[in-house]
Amino acid sequence: MNKFKLQTLSGMHDVLPDDQKYFQKITKAVESVANYYSFSKIETPILEMTDVFLKAVGQGTDIVEKEMYSFKTKGGDLVSLRPEGTAPVVRSYIENGMHNLPQPVKLWYMGPFFRYERPQAGRFRQFHQFGFEILGESGASIDGQVIQMSYDILKELSFKNTTIQVNSIGDSECRPYFKKVLTSYLKSKKSSLCSDCQRRLKENPLRVLDCKEEKCQVVKAGAPQIVDHLCEACHAHFKQVLEFLDELELPYSLNPYLVRGLDYYTKTVFEIVENSEEGGSLGALIGGGRYDNLAKMLGGRDVPACGSAAGIERIVSLMKQRDVKTAKVEEPEIFLAQLGLMAKKKSLKLFEEFRKAKIPMAESFSKDSLRAQLRSANKMGVKWVLIFGQKEALENFVTVRDMETGTQQEIKLDEVVEEMKKKLKK
Ligand code: AMP
């Protein structure tokens, strides 16, 4: 029997208090951009019917083939922990009749996702993403808007060297023909491909372009490019997207081999990467694209749409490496020191009165000795200590000590909040 180890599962991690400030900063940036652009927040369940992902993400993708946490419930349903956010959002759009709302419907989300990947730098089995989805609009301006919002958030989080890689992967009109052209090229190089790609060649030849193996990269360099094979509609759409990006003065580069790992994409695909040595190994920070056929793949009507998803752990890891400043917690200027059981009891109430008045205050209720509490107060560098001992508690007053001058003053208990307010304003 395996020895039980008290630790998180491989590829999973606690988000410890020290990391929360980065998560909070990201949440704030996402919320403010989402609100500005009139996006509403959506939360979908962490578990979905496995079919949602089989139909949307696609057979023959790594996610569906190898990476889903799937299991049968006691009732016999086959369910999966969500590996990505777009398919559940589209499921919800259809289920809740959101096509009846004024279009486009703009949604954003944030939460944990699960993929049974090989754990490595920047790759976890439970990770967090935030994402934007705009549903019910086919115009290229929304592709531009999604890309801009994604880029803006990274900029707000102090990423200065990001590049947007864009490509178009066509639609059901032109992609089947391109697949044929690509397959015949790849077949001629079959022996130079890795064993995974030799298999992909049959099931999903586009994914060969996504392979990170060195030998496949060499084959990729000579492969035909889909942009040369786009149908008229896809070509026109892509041209417009690039015009929007030009107009927005966003730093983009064309990557003719960008395909992304999910089947539901049509036309525009993009990734945002940070150009730096430290960031290089982490991969893309944000990825996204248009998914005009996804609603139909899930059994709904035609809903043209575009979205993006960002990897929060990757962003946090770079923010930490670069010492990006996070919001400072307001340092209290007052410390409440108590002495004796009766004073301790009354101090809890007094502390709550200061909280209601929104005046930050420190305490050390667990300590009993006044000396130890004054030492804590000194360490924190507070200006005022409220001493609340036996005598004070009996006679309903507080001794206020000015730590800089050492002078003390007695203030009535029911006036102390107001008096301290005045002192802090001085
Ligand atoms: P995707 O949903 O695959 O398009 O990924 C969107 C973004 O999520 C990527 O650019 C990464 O930043 C992040 N991401 C994807 N998979 C993982 C993972 N296993 N661990 C951490 N971040 C991930």
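Fair warning: this is a prediction, and the values are worked out from it, not measured in the lab.

A. Molecular detail of the overall build of the chain. Within the chain, the secondary structure is distributed over 16 helices and 16 strands. Over its C-alpha trace the chain gives a radius of gyration of 29 Å, far above what one expects of a compact globule, namely 22 Å for 426 residues. Considering the chain as a whole, with its 426 residues, one finds that 50% of them fall into the buried category. Across the chain, contacts joining residues at least 24 apart in sequence account for 70% of those joining residues at least 6 apart.

B. How the structure looks around the site of the ligand. Taken together, 14 residues sit near the ligand, with Arg115, Glu117, Phe124, Gln129 and Arg260 positioned nearest. Contact between the ligand and Gln129: an oxygen atom at 2.8 Å from a side-chain N or O atom of the residue. In this structure, Gly311 approaches the ligand through a main-chain N or O atom, which is 3.3 Å from an oxygen atom. Taking 480 Å² as the accessible area of the ligand by itself, protein coverage stands at 92%. Here the shell around the ligand is built from residues that sort into 6 nonpolar, 3 polar and 5 charged.

C. Expanded view of the pattern of salt bridges. Applying the stated criterion to the full structure yields 28 salt bridges. In this structure, Arg200 and Asp62 form a salt bridge, with 3.5 Å as the shortest nitrogen-oxygen distance. With Arg200 in helix H7 (residues 195-203) and Asp62 in helix H3 (residues 62-67), this pair connects stretches of sequence that are 138 residues apart. Taking the relative accessible area as the measure of exposure, Arg200 reaches 8% and is therefore buried. Judged by its relative accessible area of 16%, Asp62 is buried. Put simply, Lys296 and Asp302 hold a salt bridge, and the shortest N to O gap is 3.7 Å. Each of Asp62, Glu65, Lys66, Asp196, Arg199, Arg200, Glu203, Arg207, Asp210 and Lys212 takes part in salt bridges that share partners, so that together they form one network.

D. Focus on helix H4 (residues 86-95). Of all 10 residues that make up H4, 8 are buried, and the element is covered over most of its length. Along H4, the residues that are buried comprise Thr86, Ala87, Pro88, Val89, Val90, Arg91, Ser92 and Tyr93. Residues of H4 that are buried sit in contact with strand E2 (47-49), helix H2 (50-56), strand E5 (105-114), strand E6 (126-135) and helix H11 (294-297). Directly after H4, the chain includes Gly97, whose backbone phi takes a positive value near 55°.

E. Examining the sheet that holds E2 more closely. Taken in spatial order, the 3 strands of this open sheet run E2-E4-E3, and their pairing is antiparallel. At either end of the open sheet lies a strand with only one pairing partner, and these are E2 and strand E3 (70-72). Strand-to-strand, the axes of this sheet are offset by a mean angle of 35°, without reference to chain direction. By the bridge criterion, 3 bridges tie E3 to strand E4 (residues 78-81) in an arrangement that is antiparallel. Residue pairing for E4: Lys72 is matched across the bridge by Leu78.

Cut-offs applied
- Every chain is numbered on its own, with residues counted from 1 as its sequence reads.
- Two thresholds apply to this predicted model, a pLDDT of at least 70 for residue-level local features and 80 or more for giving and counting side-chain atom pairs, whereas whole-chain, interface and lining totals are computed over all residues.
- To get the side-chain values, all heavy atoms of the structure are used, and hydrogens and water are removed first.
- Helix and strand labels come from DSSP, where a helix needs a run of H or I of at least four residues and a strand needs a run of E of at least two; each type is numbered from the N terminus.
- Only the C-alpha atoms count toward the radius of gyration. The rule for a globule is 2.2 Å times the residue count to the power 0.38.
- Here's how the labels work: a residue is buried when its accessible area is under 20% of the maximum for its type, exposed when over 50%, partly exposed in between, all with a 1.4 Å probe on protein chains only.
- Pairs of residues are marked as contacts when any of their non-hydrogen atoms sit within 4.5 Å.
- The near set for a molecule or strand comprises every residue that places at least one heavy atom within 4 Å of it.
- The definition of a polar contact used here is a pair of N or O atoms within 3.5 Å, where within protein one atom must be able to donate a hydrogen and the other to accept one, and adjacent residues in sequence count solely through side-chain atom pairs.
- Working definition of accessibility: Shrake-Rupley area with a 1.4 Å probe, residue cover restricted to the visible protein chains.
- Under the grouping applied here, Gly and all other residues not named as nonpolar or charged are polar, the nonpolar ones being Ala, Val, Leu, Ile, Met, Phe, Trp, Tyr, Cys and Pro and the charged ones Asp, Glu, Lys and Arg.
- Any carboxyl oxygen of Asp or Glu within 4 Å of a side-chain nitrogen of Lys or Arg constitutes a salt bridge here.
- We treat two strands as partners when DSSP finds at least two bridges between them.
- Each axis is a line fitted through C-alpha atoms, taken for helices only over the stretch in contact, and angles between the N-to-C directions span 0 to 180 degrees.

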